[in-house]
Amino acid sequence: MVTIQRVMTVERPAEAVFGYLSDFENTNEWDPGTVRTTRLEGGGGVGTTYRNVSRFGGRETSLVYTVDELTAPERLRFRGENKTVTARDTITLRSVTAGETELTYVAEFEFHGVARLVVPFMGRQFAKLGDDAAVRLREVLGNL
């Protein structure tokens, strides 16, 4: 399993950050690997599904994500799957002050089949993905 974790502080209230991040289609704006995300079914709450097309390592891949948890305004969990990988994204929010939020983003990737063999060679790419996502999150959330 590959785990990416980034912690950052943003100058926005936790409620605003939660509201924005709970709509998984917003990955179109902040996730640098996302080519496009579209809602498939549901109203945005737990159980809602999305198709996410991403580009990573020069390849495009599609995962179906499901909203597993929305505990306002502290925690969001999404699970994405295809035949090659299961991805779990957990975002935890903690109010630092009335207008400032600490955001912890954890992305876990469990690869299946032959894909497991290449994972040890992709460490730098995963680190860059985490760094780029943190930069974009700070930018986008700062402009809410």
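Since this is a predicted model, take the numbers as computed values, not measurements. (Residues numbered from 1 in each chain as written. Predicted model: local features only at pLDDT ≥ 70, side-chain atom pairs only at ≥ 80, totals over all residues. Heavy atoms only, no water.)

Caption draft 1: Spatial organisation of the overall build of the protein. Across its full length, the protein holds three helices and seven strands. Taking 144 residues into account, the globule formula puts the C-alpha radius of gyration at 15 Å, and the protein, at 15 Å, falls close to it. Summarising its shape, the C-alpha atoms of the protein cover approximately 50 × 35 × 20 Å along the three principal directions. Residues counted as buried form 41% of the 144 residues belonging to the protein. Taking the intrachain contacts of the protein between residues at least 6 apart in sequence as the baseline, contacts between residues at least 24 apart amount to 47%. For the protein, the exposed surface amounts to about 7,700 Å²; the carbon and sulfur share of it is 49%. (Helix = DSSP H or I, 4+ residues; strand = E, 2+ residues; numbered from the N terminus. Rg over C-alpha atoms; globule rule 2.2 N^0.38 Å. Buried < 20%, exposed > 50% of the residue type's maximum accessible area, 1.4 Å probe, protein only. Contact = heavy atoms within 4.5 Å. Areas by Shrake-Rupley, 256 points an atom, 1.4 Å probe, with all protein chains shown as cover.)

Caption draft 2: Region of the structure containing the pattern of salt bridges. Applying the stated rule across the entire model yields ten salt bridges. Salt-bridge contacts for glutamate 102 lead to arginine 94; the nearest nitrogen and oxygen are separated by 3.4 Å. In this structure arginine 94 comes out as partly exposed when scored by relative accessible area, which is 44%. Three or more residues are tied together by salt bridges with common partners; here these are Asp68, Arg79 and Glu81. (Salt bridge = Lys/Arg side-chain N within 4 Å of Asp/Glu carboxyl O.)

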